[in-house]
Amino acid sequence: MKVIKTFRAIILLLLALQGLLGCSPADKEKGVKPSAPIQFGTLPVIQALPLFVAAEKGYFKEAGLNVELVPFNSAMEKDVAMSAGQISGYFGDMITPMVLTANGTLVKIVATYFNIKNEQRMFAILAAPKYPKKDLQSLASAGIACSSNTMLDYLMTRLLEKKGIAANKINLVEVKSIPIRLQMLMSEQVPAAILPEPLVTLAEMKGAQVMIDDRGTGMTATVLVFSDQFLAKNPDTVKTFLKVVEKANDFINQNPDQVRPIMNRECKMPEPLQQSFTIPKFQKLNIPRTEEVMDVYTWLRDKNVIKTEMTYGQFVAEGYVQ
(Lines give C-alpha, C1' and ligand atoms only; values in the text may rest on other atoms or scores of the structure.)
Protein backbone atom coordinates (compact mmCIF):
# COMPACT_ATOMS: atom_id res chain seq x y z
CA MET A 1 0.00 0.00 0.00
CA LYS A 2 2.84 2.38 0.90
CA VAL A 3 4.45 1.62 -2.44
CA ILE A 4 1.23 2.55 -4.29
CA LYS A 5 0.86 5.80 -2.33
CA THR A 6 4.47 6.70 -3.00
CA PHE A 7 4.03 5.99 -6.74
CA ARG A 8 0.91 8.20 -6.83
CA ALA A 9 2.77 10.99 -5.11
CA ILE A 10 5.56 10.81 -7.67
CA ILE A 11 3.06 10.93 -10.55
CA LEU A 12 1.30 13.97 -9.03
CA LEU A 13 4.63 15.71 -8.54
CA LEU A 14 5.63 15.08 -12.16
CA LEU A 15 2.28 16.40 -13.41
CA ALA A 16 2.61 19.50 -11.26
CA LEU A 17 6.11 20.18 -12.55
CA GLN A 18 4.93 19.72 -16.13
CA GLY A 19 2.13 22.26 -15.59
CA LEU A 20 4.51 24.68 -13.89
CA LEU A 21 6.97 24.55 -16.76
CA GLY A 22 4.18 25.00 -19.28
CA CYS A 23 5.38 22.46 -21.80
CA SER A 24 5.13 18.77 -22.52
CA PRO A 25 8.05 16.36 -21.99
CA ALA A 26 8.30 16.10 -25.77
CA ASP A 27 8.54 19.87 -26.11
CA LYS A 28 11.20 19.99 -23.41
CA GLU A 29 13.16 17.34 -25.21
CA LYS A 30 13.10 19.35 -28.44
CA GLY A 31 13.88 22.63 -26.68
CA VAL A 32 10.78 24.20 -28.25
CA LYS A 33 9.20 27.20 -26.55
CA PRO A 34 5.78 28.53 -27.52
CA SER A 35 5.94 31.79 -29.48
CA ALA A 36 3.55 34.64 -30.09
CA PRO A 37 1.27 33.92 -33.09
CA ILE A 38 2.55 35.45 -36.34
CA GLN A 39 0.02 36.32 -39.03
CA PHE A 40 2.25 36.97 -42.04
CA GLY A 41 0.84 38.38 -45.27
CA THR A 42 1.77 36.77 -48.59
CA LEU A 43 1.00 37.14 -52.28
CA PRO A 44 1.02 34.34 -54.90
CA VAL A 45 4.33 35.43 -56.45
CA ILE A 46 7.77 33.88 -56.97
CA GLN A 47 9.48 35.98 -54.30
CA ALA A 48 7.24 34.43 -51.61
CA LEU A 49 8.41 30.88 -52.38
CA PRO A 50 10.65 30.50 -49.28
CA LEU A 51 7.69 31.29 -47.02
CA PHE A 52 5.56 28.62 -48.68
CA VAL A 53 8.41 26.10 -48.51
CA ALA A 54 9.05 26.82 -44.81
CA ALA A 55 5.37 26.29 -44.03
CA GLU A 56 4.93 23.13 -46.10
CA LYS A 57 8.10 21.48 -44.84
CA GLY A 58 7.27 22.25 -41.22
CA TYR A 59 10.26 24.50 -40.58
CA PHE A 60 8.23 27.07 -38.64
CA LYS A 61 6.77 24.42 -36.32
CA GLU A 62 10.16 22.78 -35.82
CA ALA A 63 11.50 26.12 -34.60
CA GLY A 64 8.60 26.51 -32.16
CA LEU A 65 6.91 29.24 -34.18
CA ASN A 66 3.17 29.63 -34.55
CA VAL A 67 3.02 31.08 -38.06
CA GLU A 68 -0.09 31.57 -40.18
CA LEU A 69 0.59 32.62 -43.75
CA VAL A 70 -2.29 34.91 -44.70
CA PRO A 71 -2.85 34.93 -48.49
CA PHE A 72 -3.86 38.10 -50.31
CA ASN A 73 -4.74 38.53 -53.98
CA SER A 74 -3.33 42.04 -54.26
CA ALA A 75 -0.77 44.25 -52.57
CA MET A 76 -3.53 46.75 -51.79
CA GLU A 77 -5.48 44.16 -49.76
CA LYS A 78 -2.29 43.29 -47.88
CA ASP A 79 -1.53 46.95 -47.13
CA VAL A 80 -5.05 47.55 -45.79
CA ALA A 81 -4.75 44.52 -43.51
CA MET A 82 -1.40 45.78 -42.20
CA SER A 83 -2.83 49.25 -41.56
CA ALA A 84 -5.75 47.71 -39.67
CA GLY A 85 -3.45 45.61 -37.49
CA GLN A 86 -4.87 42.34 -38.84
CA ILE A 87 -1.43 40.88 -39.64
CA SER A 88 1.89 40.96 -37.76
CA GLY A 89 4.01 41.46 -40.86
CA TYR A 90 4.32 40.77 -44.57
CA PHE A 91 6.76 40.51 -47.44
CA GLY A 92 6.84 43.01 -50.27
CA ASP A 93 8.78 45.87 -51.83
CA MET A 94 10.33 48.86 -50.05
CA ILE A 95 7.73 51.42 -51.06
CA THR A 96 4.86 50.12 -48.93
CA PRO A 97 6.61 50.25 -45.53
CA MET A 98 7.80 53.77 -46.31
CA VAL A 99 4.33 55.01 -47.22
CA LEU A 100 2.72 53.20 -44.28
CA THR A 101 5.23 54.70 -41.84
CA ALA A 102 4.83 58.18 -43.30
CA ASN A 103 1.05 57.84 -42.86
CA GLY A 104 1.26 56.76 -39.22
CA THR A 105 1.24 52.94 -39.46
CA LEU A 106 4.60 52.20 -37.88
CA VAL A 107 6.36 49.25 -39.48
CA LYS A 108 9.99 48.33 -40.04
CA ILE A 109 11.94 46.46 -42.69
CA VAL A 110 13.93 43.77 -40.85
CA ALA A 111 15.63 42.06 -43.80
CA THR A 112 16.13 41.93 -47.54
CA TYR A 113 15.60 38.38 -48.68
CA PHE A 114 15.51 38.65 -52.45
CA ASN A 115 17.21 41.01 -54.85
CA ILE A 116 18.41 40.84 -58.43
CA LYS A 117 22.16 41.27 -58.27
CA ASN A 118 23.23 38.60 -60.75
CA GLU A 119 22.03 37.22 -64.08
CA GLN A 120 18.49 36.52 -62.94
CA ARG A 121 15.72 38.90 -63.85
CA MET A 122 12.47 39.58 -62.03
CA PHE A 123 11.01 42.55 -63.96
CA ALA A 124 11.27 43.81 -67.52
CA ILE A 125 9.93 46.40 -69.96
CA LEU A 126 8.58 44.64 -73.04
CA ALA A 127 7.46 45.89 -76.46
CA ALA A 128 4.21 44.53 -77.90
CA PRO A 129 4.78 41.71 -80.44
CA LYS A 130 3.99 43.75 -83.55
CA TYR A 131 4.92 47.23 -82.39
CA PRO A 132 7.14 48.68 -85.16
CA LYS A 133 9.43 51.09 -83.26
CA LYS A 134 11.33 48.92 -80.82
CA ASP A 135 13.81 51.32 -79.29
CA LEU A 136 13.45 52.52 -75.70
CA GLN A 137 13.16 56.22 -76.57
CA SER A 138 10.25 55.57 -78.95
CA LEU A 139 8.53 53.22 -76.52
CA ALA A 140 8.86 55.66 -73.61
CA SER A 141 7.25 58.37 -75.73
CA ALA A 142 4.53 56.09 -77.14
CA GLY A 143 3.49 54.75 -73.75
CA ILE A 144 4.44 52.08 -71.22
CA ALA A 145 1.68 50.41 -69.22
CA CYS A 146 2.41 50.61 -65.51
CA SER A 147 0.83 51.56 -62.18
CA SER A 148 1.94 54.96 -60.88
CA ASN A 149 3.70 55.44 -57.54
CA THR A 150 4.57 51.75 -57.27
CA MET A 151 7.85 49.84 -57.19
CA LEU A 152 7.44 49.09 -60.90
CA ASP A 153 7.02 52.81 -61.60
CA TYR A 154 10.23 53.46 -59.64
CA LEU A 155 12.06 50.68 -61.48
CA MET A 156 10.83 51.80 -64.90
CA THR A 157 11.95 55.37 -64.18
CA ARG A 158 15.39 54.36 -62.93
CA LEU A 159 16.04 51.84 -65.74
CA LEU A 160 15.16 54.40 -68.41
CA GLU A 161 17.18 57.14 -66.67
CA LYS A 162 20.22 54.86 -66.96
CA LYS A 163 19.63 54.90 -70.73
CA GLY A 164 19.43 58.70 -70.82
CA ILE A 165 15.61 58.97 -70.88
CA ALA A 166 14.38 61.54 -68.35
CA ALA A 167 11.36 60.84 -66.17
CA ASN A 168 9.37 63.66 -67.79
CA LYS A 169 9.85 62.00 -71.18
CA ILE A 170 8.11 58.77 -70.08
CA ASN A 171 4.48 58.39 -71.06
CA LEU A 172 3.06 56.18 -68.29
CA VAL A 173 -0.18 54.47 -69.31
CA GLU A 174 -2.04 53.80 -66.08
CA VAL A 175 -2.98 50.11 -65.88
CA LYS A 176 -3.04 48.95 -62.25
CA SER A 177 -3.94 45.29 -62.85
CA ILE A 178 -0.90 43.26 -63.91
CA PRO A 179 -2.94 40.52 -65.69
CA ILE A 180 -4.84 43.20 -67.64
CA ARG A 181 -1.53 44.89 -68.44
CA LEU A 182 -0.30 41.61 -69.93
CA GLN A 183 -3.48 41.21 -71.99
CA MET A 184 -3.25 44.77 -73.30
CA LEU A 185 0.39 44.26 -74.27
CA MET A 186 -0.26 41.02 -76.14
CA SER A 187 -3.34 42.43 -77.92
CA GLU A 188 -1.43 45.55 -79.07
CA GLN A 189 -3.56 47.92 -76.99
CA VAL A 190 -0.40 49.44 -75.51
CA PRO A 191 3.02 49.77 -77.18
CA ALA A 192 4.86 48.47 -74.10
CA ALA A 193 4.44 47.33 -70.52
CA ILE A 194 6.51 46.61 -67.46
CA LEU A 195 5.79 43.17 -65.99
CA PRO A 196 7.12 40.78 -63.33
CA GLU A 197 8.26 37.21 -63.79
CA PRO A 198 6.92 34.69 -64.71
CA LEU A 199 4.73 36.90 -66.94
CA VAL A 200 7.83 38.33 -68.63
CA THR A 201 8.81 34.84 -69.79
CA LEU A 202 5.24 34.03 -70.79
CA ALA A 203 4.92 37.23 -72.87
CA GLU A 204 8.31 36.59 -74.46
CA MET A 205 7.20 33.08 -75.45
CA LYS A 206 4.19 34.64 -77.20
CA GLY A 207 6.18 37.17 -79.21
CA ALA A 208 6.73 40.21 -76.97
CA GLN A 209 10.27 41.60 -76.97
CA VAL A 210 12.19 42.32 -73.77
CA MET A 211 13.74 45.77 -74.14
CA ILE A 212 15.40 46.11 -70.74
CA ASP A 213 15.26 44.21 -67.46
CA ASP A 214 16.43 44.48 -63.87
CA ARG A 215 19.13 41.80 -63.80
CA GLY A 216 22.28 42.90 -62.03
CA THR A 217 20.79 46.22 -60.91
CA GLY A 218 20.00 45.45 -57.25
CA MET A 219 17.05 47.85 -57.52
CA THR A 220 14.18 45.45 -56.84
CA ALA A 221 14.67 44.26 -53.29
CA THR A 222 11.98 42.17 -51.68
CA VAL A 223 11.88 42.82 -47.94
CA LEU A 224 10.40 41.29 -44.79
CA VAL A 225 8.43 43.72 -42.65
CA PHE A 226 6.93 43.64 -39.15
CA SER A 227 4.91 46.16 -37.19
CA ASP A 228 6.80 48.18 -34.58
CA GLN A 229 4.44 46.84 -31.94
CA PHE A 230 5.16 43.20 -32.78
CA LEU A 231 8.91 43.86 -32.90
CA ALA A 232 8.89 45.52 -29.48
CA LYS A 233 7.08 42.59 -27.86
CA ASN A 234 8.66 39.68 -29.76
CA PRO A 235 12.25 40.41 -30.86
CA ASP A 236 13.47 36.83 -30.39
CA THR A 237 10.48 35.43 -32.28
CA VAL A 238 11.32 37.65 -35.26
CA LYS A 239 14.97 36.56 -35.17
CA THR A 240 13.87 32.92 -35.20
CA PHE A 241 11.44 33.63 -38.04
CA LEU A 242 14.28 35.04 -40.14
CA LYS A 243 16.48 32.02 -39.42
CA VAL A 244 13.68 29.74 -40.65
CA VAL A 245 13.28 31.77 -43.86
CA GLU A 246 17.01 31.46 -44.45
CA LYS A 247 16.76 27.69 -43.93
CA ALA A 248 14.04 27.59 -46.60
CA ASN A 249 16.23 29.71 -48.91
CA ASP A 250 19.04 27.17 -48.55
CA PHE A 251 16.71 24.24 -49.23
CA ILE A 252 15.38 25.88 -52.42
CA ASN A 253 18.89 26.66 -53.66
CA GLN A 254 20.05 23.09 -53.07
CA ASN A 255 16.87 21.27 -54.16
CA PRO A 256 15.11 23.34 -56.85
CA ASP A 257 13.32 20.39 -58.42
CA GLN A 258 11.81 19.37 -55.10
CA VAL A 259 10.10 22.74 -54.58
CA ARG A 260 8.70 23.02 -58.11
CA PRO A 261 5.28 21.57 -57.11
CA ILE A 262 5.05 24.11 -54.27
CA MET A 263 6.01 26.94 -56.64
CA ASN A 264 3.49 25.85 -59.27
CA ARG A 265 0.68 25.68 -56.75
CA GLU A 266 1.35 28.58 -54.37
CA CYS A 267 2.94 31.06 -56.79
CA LYS A 268 0.24 30.47 -59.45
CA MET A 269 2.74 29.52 -62.11
CA PRO A 270 1.17 29.65 -65.63
CA GLU A 271 0.68 26.13 -66.97
CA PRO A 272 3.05 26.52 -69.99
CA LEU A 273 5.92 27.37 -67.59
CA GLN A 274 5.34 24.86 -64.82
CA GLN A 275 8.04 22.45 -65.94
CA SER A 276 10.48 24.87 -67.56
CA PHE A 277 10.60 28.08 -65.51
CA THR A 278 13.95 28.45 -63.76
CA ILE A 279 13.54 28.54 -60.00
CA PRO A 280 15.41 31.60 -58.73
CA LYS A 281 18.27 31.53 -56.26
CA PHE A 282 17.55 33.09 -52.87
CA GLN A 283 20.41 34.88 -51.18
CA LYS A 284 21.47 35.11 -47.56
CA LEU A 285 19.32 37.55 -45.58
CA ASN A 286 20.80 40.97 -45.02
CA ILE A 287 19.87 44.54 -44.15
CA PRO A 288 19.11 46.83 -47.10
CA ARG A 289 21.83 49.33 -47.88
CA THR A 290 21.25 52.93 -46.82
CA GLU A 291 21.70 54.23 -50.37
CA GLU A 292 19.12 51.88 -51.92
CA VAL A 293 16.54 52.65 -49.21
CA MET A 294 17.04 56.40 -49.40
CA ASP A 295 16.96 56.44 -53.21
CA VAL A 296 13.45 54.95 -53.09
CA TYR A 297 12.51 57.48 -50.39
CA THR A 298 13.91 60.38 -52.46
CA TRP A 299 11.87 59.24 -55.45
CA LEU A 300 8.71 59.16 -53.32
CA ARG A 301 9.51 62.65 -51.96
CA ASP A 302 10.07 64.01 -55.46
CA LYS A 303 6.68 62.66 -56.49
CA ASN A 304 5.11 64.15 -53.33
CA VAL A 305 3.86 60.72 -52.23
CA ILE A 306 5.71 61.26 -48.93
CA LYS A 307 5.60 64.86 -47.76
CA THR A 308 7.81 64.72 -44.65
CA GLU A 309 11.54 64.46 -44.02
CA MET A 310 12.38 60.94 -42.86
CA THR A 311 15.51 58.91 -42.14
CA TYR A 312 16.81 55.39 -42.80
CA GLY A 313 16.22 54.44 -39.16
CA GLN A 314 12.51 55.18 -39.49
CA PHE A 315 12.21 52.53 -42.20
CA VAL A 316 14.70 49.84 -41.17
CA ALA A 317 15.22 47.96 -37.89
CA GLU A 318 18.73 46.57 -37.54
CA GLY A 319 19.81 43.69 -35.33
CA TYR A 320 17.31 41.03 -36.36
CA VAL A 321 19.36 39.32 -39.06
CA GLN A 322 21.80 37.00 -37.27
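To keep things clear, this report deals only with the structure shown in the data block. (Residues numbered from 1 in each chain as written. Predicted model: local features only at pLDDT ≥ 70, side-chain atom pairs only at ≥ 80, totals over all residues. Heavy atoms only, no water.)

**A word on helix H14 (residues 290-302)**
Applied cut-off: Helix and strand assignments come from DSSP, with helices taken as H or I runs of at least 4 residues and strands as E runs of at least 2, each series counted from the N terminus. Multiplying 1.5 Å by the helix residue count minus one yields the expected span of that helix. Between buried and exposed lies partly exposed: a residue is buried under 20% and exposed over 50% of the maximum accessible area for its type, with that area taken using a 1.4 Å probe on protein chains only. Comment: arc refers to directions from the helix axis out to C-beta atoms.
Over its 13 residues, H14 extends 18 Å from the first C-alpha to the last, a length consistent with the 18 Å expected when each residue adds 1.5 Å. The complete set of buried residues in H14 reads Glu292, Val293, Val296, Tyr297, Trp299 and Leu300. Looking down the long axis of H14, one finds its buried residues gathered within 155 degrees of arc, a one-sided arrangement. More than 90 degrees from the buried face of H14, the exposed residues found are Glu291 and Asp302. Positive backbone phi, at 65 degrees, marks Asn304, one or two positions downstream of H14.

**Some details on the sheet that holds strand S8 (residues 192-196)**
Note the following rule: At least two DSSP bridges between two strands are needed for those strands to be called paired. An axis is simply a line fitted to the C-alpha atoms; with a helix, the fit covers only the stretch in contact. Between two such axes, the angle follows the N-to-C directions and lies from 0 to 180 degrees. What makes two residues a contact is simply this: any of their non-hydrogen atoms within 4.5 Å.
Strand order in the open sheet formed by 5 strands is S7-S6-S8-S5-S9, with mixed pairing between adjacent strands. Of all strands in the sheet, those with a lone pairing partner are strand S7 (172-174) and strand S9 (209-213), marking the two edges. Averaged over all pairs of adjacent strands, the angle between strand axes in this sheet comes to 35 degrees, irrespective of strand direction. In this structure, strand S6 (residues 144-146) lies alongside S7, joined through 3 bridges in parallel fashion. Among the inter-strand pairings, Ala145 is bridged to a residue of S7, identified as Val173. Strand contacts of helix H8 (residues 151-162): strand S5 (123-127), S6, S7, S8 and S9, with the helix running at about 150 degrees to S6, the strand carrying the most contacts. Across the sheet, helix H9 (residues 178-186) touches S5, S6 and S8, and the angle it forms with S8 is around 140 degrees.

**So, the packing of H8 against H14**
To keep things clear, this is the line we draw: Any angle from 65 to 115 degrees is called roughly perpendicular, while one under 35 is roughly parallel, one over 145 is roughly antiparallel, and all others are oblique. Gly is put with the polar residues, along with every residue not named as nonpolar or charged; the nonpolar set is Ala, Val, Leu, Ile, Met, Phe, Trp, Tyr, Cys and Pro, and the charged set is Asp, Glu, Lys and Arg.
Relative to each other, H8 and H14 sit at 100 degrees, their axes nearing to 11 Å. Viewed along their axes, H8 and H14 adopt a mutual orientation that is roughly perpendicular. Touching Met151, Asp153, Tyr154, Thr157 and Arg158 of H8 are Asp295, Val296 and Trp299, all from H14. When its residues are assigned to classes, the contact of H8 with H14 shows 4 nonpolar, 1 polar and 3 charged.

**Overview of the packing of helix H3 (residues 49-56) against helix H13 (residues 256-266)**
Note the cut-off: With the far helix as reference, a near helix turned anticlockwise by less than a right angle produces a left-handed crossing, and one turned clockwise produces a right-handed crossing.
At a minimum axis separation of 10 Å, H3 and H13 run at an interaxial angle of 115 degrees. Where H3 crosses over H13, the handedness of that crossing is right-handed. Listed contacts from H13 to Leu49, Phe52, Val53 and Glu56 of H3 are Val259, Ile262, Met263, Arg265 and Glu266. Its residues assigned to classes, the contact of H3 with H13 shows 6 nonpolar, no polar and 3 charged.

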